[in-house]
Structures are given as structure tokens and as C-alpha cells.
Amino acid sequence: MAYRLTMVGTGYLGATTSACMAELGFEVLGVDVDAEKVARLQAGDLPIYEPGLQEVLRRNLANGRLRFTTSYEEAGAFGDVHFLCLGTPQKPGEYGADVSYLDAAIESLAPHLKRECLVLGKSTVPVGTAQRLADKLARLAPIGTGAELAWNPEFLREGFAVKDTLYPDRIVLGVASDRAEKIMREVYASMLELGTPIVITDYPTAELVKVAANAFLATKISFINAMAEVCEAAHADVKQLSLALSFDDRIGGKFLNPGLGFGGGCLPKDIRAFMARAGELGADQALTFLREVDAINKRRRNRMVDLARELAGGSFHGCTVTVLGAAFKPNSDDIRDSPALDVAVKISEQGGRVTVYDPVAQENARRAHPHLSYGDSALEAARDSHVVLLLTEWQEFVELDPEALGAVVASRKIVDGRNALDAETWRAAGWHYRALGRP
Ligand code: NAD
């Protein structure tokens, strides 16, 4: 059967999933409460930066398979499977996740359900949320729609979102009935035909897979950054240490790059929400190590500020600092909990004049931090600078010519916050080169 899909919430996850499921041949309707976002998407103007997504969006708008709306009434009448792609941010002042957007979406959608349908949660949630939302859906949906919930956590990576959505490395599905499993096997048939592994399980296991995966990834990053702290104390080189570890295929080299640590809209809030939820369940001791993972990650940002201050001569007063990068990682415009901007703000608060440049996250950064200065290119941002900090490893920064940059700065001092540059090349060009975790 040719199912019609709605995507409720058209942010990073929902916009990507909308366009990619239309690309796979489904008729898709994206629904969002943000009318401006809906208008932009409908006009083919992607509100986020995600490589390759704009083309997929435009192609499927043009062929008529993809539309966007603010109307839940339209969504209820249209969809056979309603994907929930709502944000679940950290609650202000707490560790726990705010799942109220999911509740609001179900409350808005359920009364408008007209056809037999499945509601599919994709957001990252505290374990137990799916069962609670399933009960709510059963209470609010009109009798006869058979509306039920399934949970299908999302693992896409910003910067690789199109590929990750079309060719996921696994599908995890928490279901309460064979019917839900059958529908989702049909929806994901093209992926299953390619041999994509699928794990069919219950709601709580499906919810936990996602946060467990993010807890593992965060731990791996903080592990190598803890090693960087020891290397700094022991005058050892964490980059060589990490390279040597990576050849052990039980360890592997991915997520083992020492540097400024993780940020973004997922890992930091997900490990905190995981700790909070484990506490509510009486299992808080199981996750106390994540507190340390979070603390190690935050300490890297402070260490970065300390290194920059050291290069500035002990104080930022009267000093111009160039920050290369604002996005939390390259190939994204996402500045949520961005380590680069955190460092920029801390230096500015300590009296430094900070000029930021990012190839795509510049406008997001400017809106969030209008008090910082911005340059239109790396060279312009670095003009007359006393210290340059490379904080997001965009390829154009990795390829910077030390001579060209050296010609515009006031002094050739750089901290490589991502261990992305070749130290010898920069030192040979007369730069005072420092990096996290290296002599
Ligand atoms: P986002 O903030 O970019 O998008 C959320 C969207 O929901 C926004 O467009 C917002 O306007 C809309 N919205 C809010 N309330 C609504 C309502 N009542 N009805 C309809 N729309 C509403 O968030 P995101 O980054 O897309 O993340 C969504 C979820 O996916 C989160 O749980 C996140 O943890 C998870 N996730 C994100 C990624 C990622 O890379 N961004 C990857 C995997 C999982």
C-alpha cells in the first residue's frame, strides 16, 4: 500500500525526513506551528544548512509529492503514518528533557484523525514517554481510527542527514502490535531490501537504544579528552596516543579525536536527560559516570580559554581574539550548545575583543550573540588579531594557508582546538602553535 506520511515538526529532523521520504516515493505533508518555517519550506527555501537537502526538497516540491502546512486538520485527513519529529530540549535550570512539544502535538493531531493510522515517535525521549503518549493518543483519538503509537528513534547526523536518512545503519522499532510492525516494514521496505538491520522491540527498549548510543558516543569523546588532560600534565601527545589506540579494532578511531569536545542539540542534553530519568527510576547510580563525561567535556572549554589567555600574555584586556567556527561541528549551521561560541563568549566576558567567522553558522551566531564582532571571511576576521582559535574544523579552516593568515594578524599565535592542523607546517611558517593535549 502507498502510505501517505505526515511529518509533525519540520526542524532539522522533520525537514530532512520529509524531503527524504518524498524522495523515496511517498506523498508527504510536513506540519509545523511555525508559519514562517512552513512558508519557507513550501517555497523551497530550506531554513537550515544541510548538505544536499535543498536539492532533495526542491525536487520533491516540484514533483508534487511534498507539501507543508500549519493545519492539523489537513494533517489528520491526509496521513496514514504520522511521524513525530518534535524537539525535546533540556528544561531550563534542570537536567530533564522537556517533552511538552510531543504532548502538544498529540493533543493537536488526535482529534483530527479521520483514517486508520499509525503515529510514529522519532524524537529522543526519556524512557517511559512512549507508553504515556500511547495512552494519551488512545484517549484522544476518535474511535474507529485504530490510532496507535510506535517508537522509532532517529540516529541521523547533522552534516550527513540525507545519506543517514536514506541509508540508515539500523532501524529500531518499538511496537505494541504486529499491525504497527507490518506498516513500518512496508514504509521502510526500500531500506530493508538493502539489508539494513532492523531491531523490533518494545517501547522502553527502543527509547533507551537512542540515549544509550548517545551516552556511549559522549563517553568516547570524553575518554580521549580525559587522556588529553593527562597528556598535558605528562608532556605527551594525545593525537599520537589516539592514533595508536585507533588501530585496535575493538576501540576504533571514530569519535576518538581529542579537542574541544561535543556540543549541539543532542549529546549534551541527551546525557543529562538520561541521568535525570535514571534518577527518577531509582537507577541514578548506574549513570553517575555520565556526570564525569559532562564535566570533562565542559573542562575542555575552560582549558581552551586558559590556553588562549596564556598566548595573549596572561590577560585578554587590549587583546583581539579571532574565533574560527561558530557551528557546534562542521557542515552544520546548528549553534545549539556550540563549544566554539561558548569559548567566544567566555573570552569576551574576560575582556577580549572577539571576532567570529563561520562559513554558514554566522547569521545564527550573530542573532544569538550580537555583542560579538563578525568578519566576512577567515582572513577578515583575523585582521590585526593577537590570537587565532580554530574551534570548528571546517575544511576551509583546515586548508588555511599559514602564510596568508600570518600576513594579516598582529601576531602569529594559534590554538588548534580540534587538532585539525599540521603543527609542523604552522610552526615552520613562524606560528606559535598550541593544541589541546599536545606539547
Ligand atoms: P528542532 O527544534 O530543529 O525542530 C522541532 C520543530 O518542531 C520546530 O520546527 C518547531 O517549530 C516544531 N514544533 C514545535 N511545537 C510543535 C507543535 N506543537 N506542532 C508542530 N510542530 C511543532 O529539533 P530537531 O533538531 O529536529 O530535533 C527533533 C528531535 O529529534 C529531538 O528529540 C532530537 O533530540 C531528535 N534528534 C535530532 C537529531 C538532529 O541531528 N537534529 C538527530 C537525531 C534525533
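Residues numbered from 1 in each chain as written. Predicted model: local features only at pLDDT ≥ 70, side-chain atom pairs only at ≥ 80, totals over all residues.

## What to know about the UniProt feature "binding site: substrate" (unreviewed entry) in the protein
- What UniProt calls "binding site: substrate" (unreviewed entry) maps, in this numbering, to Phe155, Leu156, Arg157, Glu158, Lys210, Phe255, Leu256, Asn257, Pro258, Gly259, Gly263 and Lys329. These annotated residues cover 175 residues of sequence, and their C-alpha atoms reach 24.3 Å apart at the extreme, placing them across more than a single site.
- Topologically, Arg157 is positioned in the loop between strand 6 (148-151) and helix 7 (161-166).
- Tracing the sequence through the fold places Gly263 in the loop between helix 11 (238-246) and helix 12 (267-280).
- By the C-beta count within 10 Å, which is 23 here, Gly263 ends up buried.
- Beyond its immediate stretch of four places on either side in the chain, Gly263 contacts Pro268, Phe328, Asp337, Ser338 and Pro339. (UniProt positions renumbered as here; feature names shortened; annotations may be inferred. Helix = DSSP H or I, 4+ residues; strand = E, 2+ residues; numbered from the N terminus. Buried ≥ 20, exposed ≤ 12 C-beta atoms within 10 Å, placed from the backbone. Contact = placed C-beta atoms within 7 Å.)

## Structural notes on the domain arrangement of the protein
- One can read the domain layout of the protein as domain 1 (4-201) and domain 2 (236-435).
- Measuring from the centre of the C-alpha atoms in domain 1 to the corresponding centre in domain 2 gives 33 Å.
- Across the contact, 15 residues belong to domain 1 and 15 residues belong to domain 2.
- Looking at the side of domain 1 that touches domain 2 residue by residue, the classes come out as nine nonpolar, four polar and two charged. (Domains from an automatic or database assignment. Nonpolar A, V, L, I, M, F, W, Y, C, P; charged D, E, K, R; others polar.)

## Comments concerning the packing of helix 12 against helix 13 (residues 288-311)
- Viewed as axis vectors pointing N to C, helix 12 and helix 13 meet at an angle of 155 degrees, and their least axial separation amounts to 10 Å. Relative to helix 13, helix 12 is oriented roughly antiparallel. For the crossing formed where helix 12 meets helix 13, the hand is left-handed. Each of Ile271, Arg272, Phe274 and Met275 in helix 12 lies in contact with helix 13, whose residues at this interface are Leu290, Arg291, Val293 and Asp294.
- Split by residue class, the contact of helix 12 with helix 13 holds five nonpolar, no polar and three charged. (Axes fitted to C-alpha atoms, helices over the stretch in contact; angles between N-to-C directions. Parallel < 35°, antiparallel > 145°, perpendicular 65-115°, else oblique. Left-handed = near helix turned anticlockwise from the far one by under 90°.)

## Remarks on the pairing of strand 13 (residues 413-416)
- Of the two faces of strand 13, the one carrying Lys413 and Val415 and the one carrying Ile414 and Asp416 are both buried.
- With three bridges connecting them, strand 12 (residues 387-390) and strand 13 associate as parallel partners. Following the sheet pairing, Leu390 is matched in strand 13 by Asp416.
- Here strand 13 runs beside strand 14 (residues 432-435); their pairing, made up of four bridges, is parallel. Across the sheet, the residue bridging to Lys413 is His432, located in strand 14.
- Regarding topology, helix 19 (residues 423-428) serves as the crossover connection from strand 13 to the parallel strand 14, and that connection is right-handed. (Pairing = 2+ DSSP bridges. Right-handed = clockwise from strand over helix to strand, strands pointing away.)

## Let's talk about the site of the ligand
- Lining the immediate environment of the ligand, one finds 27 residues, of which Gly9, Gly11, Leu13, Gly87 and Ser123 sit closest.
- For the shell around the ligand, the secondary structure elements donating two or more residues are helix 1 (12-23) and helix 5 (100-109).
- It is helix 5 that contributes the most residues to the shell around the ligand, four residues altogether.
- Split into classes, the residues belonging to the shell around the ligand amount to 12 nonpolar, 10 polar and five charged. (Near = placed C-beta within 6 Å.)

## Brief notes about helix 8 (residues 178-187)
- Taken as a whole, helix 8 has its buried residues at Ala180, Ile183, Met184 and Val187. An end-on view of helix 8 places all buried positions within 95 degrees of arc, on one side of the element. Summarising the geometry of helix 8, the exposed residues directed more than 90 degrees from the buried face are Asp178 and Lys182.
- In this structure, the buried side of helix 8 is in contact with strand 4 (81-84), strand 5 (118-121), strand 6 and strand 7 (171-174). (Arc of directions from axis to C-beta.)

## Here's the deal with the sheet that holds strand 13
- Across the sheet, six strands lie side by side as 11-10-9-12-13-14; this open sheet has parallel pairing. Each of the sheet's edge strands pairs with one partner strand only, and the pair in question is strand 11 (373-374) and strand 14.
- Where strand 10 (residues 353-357) lies against strand 11, two bridges are found, and the strand directions are parallel. In the sheet register, Thr355 faces strand 11, and the bridge partner there is Ser373.

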